[in-house]
Amino acid sequence: MTVFYAFIGSAVVGCALFMILSRNLVRMLLGFSLLATGANLLLFVAGRIRSQQPPIIEPAAEVLGASADPVIQALILTAIVIGLALTVMLGVLVLRAWRAQATIDARKVDAAEAVGRARPQDPANG
Amino acid sequence: MAEALLLVAPTLLPFLGAALALLLRSRPAAARLASLATIILLALVSAILFIVSLSDAPPPIVFGGWPDGFGISLSATWPGVALVMVTGVIGLAAALYGLDDIGPRRRGAGYDALMLALIGAVNGAFLTDDLFNLYVWFELALVAALGLLTIDRRAAQIDAAIRYAAFAMLAATLILLGVGMTYGLTGTLDMRQAGAALAGQPPGFAVATVAALLLAGFMLKAGLVPFHLWLPASYHTAPTTVVAVFAGLLTKMGFFALLLVFVGLFGVGGPAPRAVQLAPVFGWAAAATMLICAAGALAQTDMRRLLSYHVIAQVGYMMAGLALATEEGVAASVFYMIHSIIVQANLFLGAGLIHRASGSWDLTRTGGMMRRHPVFALLFAVPVLSLAGIPPLSGFWAKLIVLRESLDAGMVWLAGAALLAGMMTIVSMAMFWSDSCWKDARGHARPLPFASLAAMALLSATTVAIGIAPQALWTIARLSAKALGAG
């Protein structure tokens, strides 16, 4: 089961990395969203998949029974929130690029490249 | 209680200030006052924390009263405390410089809140003991940095922010995976306990994977070759104050995390390092960063782009210290890091004033700073000479220590690369100086604001102080190497 989850997780991450390499900025954005999902899936595996029992210690017991690690699930929840914030942030940037330049082709979104391009030294001034 | 407050204050104060500045957003003058007061208070508190830690460090605190190892803990350890104090100095210089550089429109767009949040996040990363918490601080710093980068909403800034965000989000995912797998391997997120748990494990595929993920993630954040391309493609579009803070703090924050993870968690520089398969990568990345980025700076004429390349080239020197895998090498990295934070921020502030005086970012169109603004030239000479490594300024000692330790550790080729890169840095800084200061001036002279010069004076004085008494900083660097776990 763990191996199956690990393969699924790495397949999702692989697809996401492929999408991030795209020149289409929206595809890149979706790639990052998928990458966060893949990473969360892999984190889930790191917390051991044992049973469906909730991580609650039985009344008489001292330690947790055969349930998955709750700490890693708390990490995933935090990571989901952070991933959402970053995806929205990148989405806003892509939207502004679209509004400013009417293109989502990464090759044409190059306003920063034009700023401060190297200039040959002026011979008159040494 | 007072000690606990002192420990939390460097993170808590900026966020309280940010909330206040956010409420005052529609009143730029009030927001400016609130953020300036917060920064002054922060600098004071950081200095007190530093002085207290010199004799007797406050005990670590665990949030929520959880038993040790479960809750998130903050602790005042070296070099975090020293870096928090330097962050306070940078924040103060940026606040002074921003009095004239950041107008009401930028403040209305939320500059004060974002800058304070960035400083708070950086301080949080310097003080935390928890791996996942470290990741969260990095993300918080990234969100604040993206806001600051696009504060003018120009097309170039949006483009730069997309490049920056893409690289940083990839780095964040790699770090997250590494952190999660560390937890899976060790069952704890506390860095000290995780390091101890890893020390007991036989070398294996899982440990190597974790190390590779964390190395790639933090190298991306630190801007080391081959992951350096995002930095010179984005930094040059930000406002001067913002880029000075970025150049000072953000790459160094990434490098600090590399130190924490590789010295603390994987025992590099200690008796039994883990993940030794990755050791050669450190040296190669350091040498390539120093050489490629110092050469890249030579090809630029735009001041901001030129200095952006120097920012990463300097991270290469720090990486060289870590690559030596000795206690002294780690101490050399810490020394270099503290020197570099101050000098890089100061150089960008100086470039901003040259732009203000001459109206151009292009070195070929600047000039005459020496004759027209002698006070500025005096203040600016300090970081320029320090970056070039001219004695007796801080850069000379930092480079000397890295060179000495690489020769002591028998890595002659790394010392050779550092020397060659140092030579290129001298040429680049000489061209920068003669173009901007000695060359004939063009156009009319424009006055320079007093507060901006005061900001530069603060940083230049710190650089000179390190240059005069390098022994004090070296003692702190040695303490830091010990506290990180080397030796």
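Residues numbered from 1 in each chain as written. Chains lettered and ligands numbered in written order. Predicted model: local features only at pLDDT ≥ 70, side-chain atom pairs only at ≥ 80, totals over all residues.

## A word on the overall build of chain A
Summing up its helical and strand segments, chain A has four helices and zero strands in all. Listing each helix as α and each strand as β along chain A from the N terminus yields α-α-α-α. Counting every position in chain A, which comprises 126 residues, the buried fraction comes to 25%. In chain A, of all internal contacts separated by at least 6 residues, the share reaching a separation of at least 24 is 52%. (Helix = DSSP H or I, 4+ residues; strand = E, 2+ residues; numbered from the N terminus. Buried ≥ 20, exposed ≤ 12 C-beta atoms within 10 Å, placed from the backbone. Contact = placed C-beta atoms within 7 Å.)

## Some points on the interface of chain B and chain A
Contact with chain B, which involves 39 residues of that partner, is made by 39 residues of chain A. Counting residues per element, the ones that place at least two in the side of chain B that touches chain A are α6 (131-149), α7 (155-186), α10 (230-234) and α13 (303-323) of chain B. Of the residues assigned to the side of chain B that touches chain A, the class counts are 21 nonpolar, nine polar and nine charged. (Nonpolar A, V, L, I, M, F, W, Y, C, P; charged D, E, K, R; others polar.)

## Considering helix α1 (residues 2-23) of chain B
Residue and element names in this part refer to chain B. Of all the bends in α1, the greatest reaches close to 60° and is centred on Ala9; the proline Pro10 follows between one and four positions later. Among the residues of α1, Leu7, Ala9, Pro10, Thr11, Leu13, Pro14, Gly17, Ala18 and Ala21 are the ones counted as buried. Looking at the packing, one finds that the buried side of α1 touches α2 (28-55), β1 (61-62), β2 (73-74), α3 (80-101) and α5 (111-127). (Bend = angle between axes of the 7 residues up to and from the residue.)

## Focus on the packing of helix α2 (residues 25-46) of chain A against α7 of chain B
Running from N to C, α2 of chain A and α7 of chain B point in directions that differ by 10°, and their axes come no closer than 9 Å. In this view, α2 of chain A runs roughly parallel relative to α7 of chain B, as classed from their interaxial angle. Residues Leu25, Met28, Phe32, Leu35, Ala36, Ala39, Leu42, Leu43 and Ala46 of chain A of α2 of chain A form the contact with α7 of chain B, whose own contacting residues are Ile162, Ala166, Met169, Thr173, Leu176, Leu177, Gly180, Met181, Tyr183 and Gly184 of chain B. Across the contact of α2 of chain A with α7 of chain B, the residue classes tally to 16 nonpolar, three polar and no charged. (Axes fitted to C-alpha atoms, helices over the stretch in contact; angles between N-to-C directions. Parallel < 35°, antiparallel > 145°, perpendicular 65-115°, else oblique.)

## A word on the confidence of the model for chain A
On average, residues of chain A score 84 in pLDDT, and 93% of them reach the 70 mark or higher. Taken element by element, the predicted model of chain A shows its lowest mean pLDDT in helix α4 (residues 111-114) of chain A (82) and its highest in helix α1 (residues 2-20) of chain A (92). (pLDDT = per-residue confidence, 0-100.)

## Remarks on the confidence of the model for chain B
Looking at chain B as a whole, the pLDDT averages 90, with 99% of positions reaching at least 70. Among the prediction metrics, the complex's ipTM stands at 0.90, with pTM recorded as 0.93.

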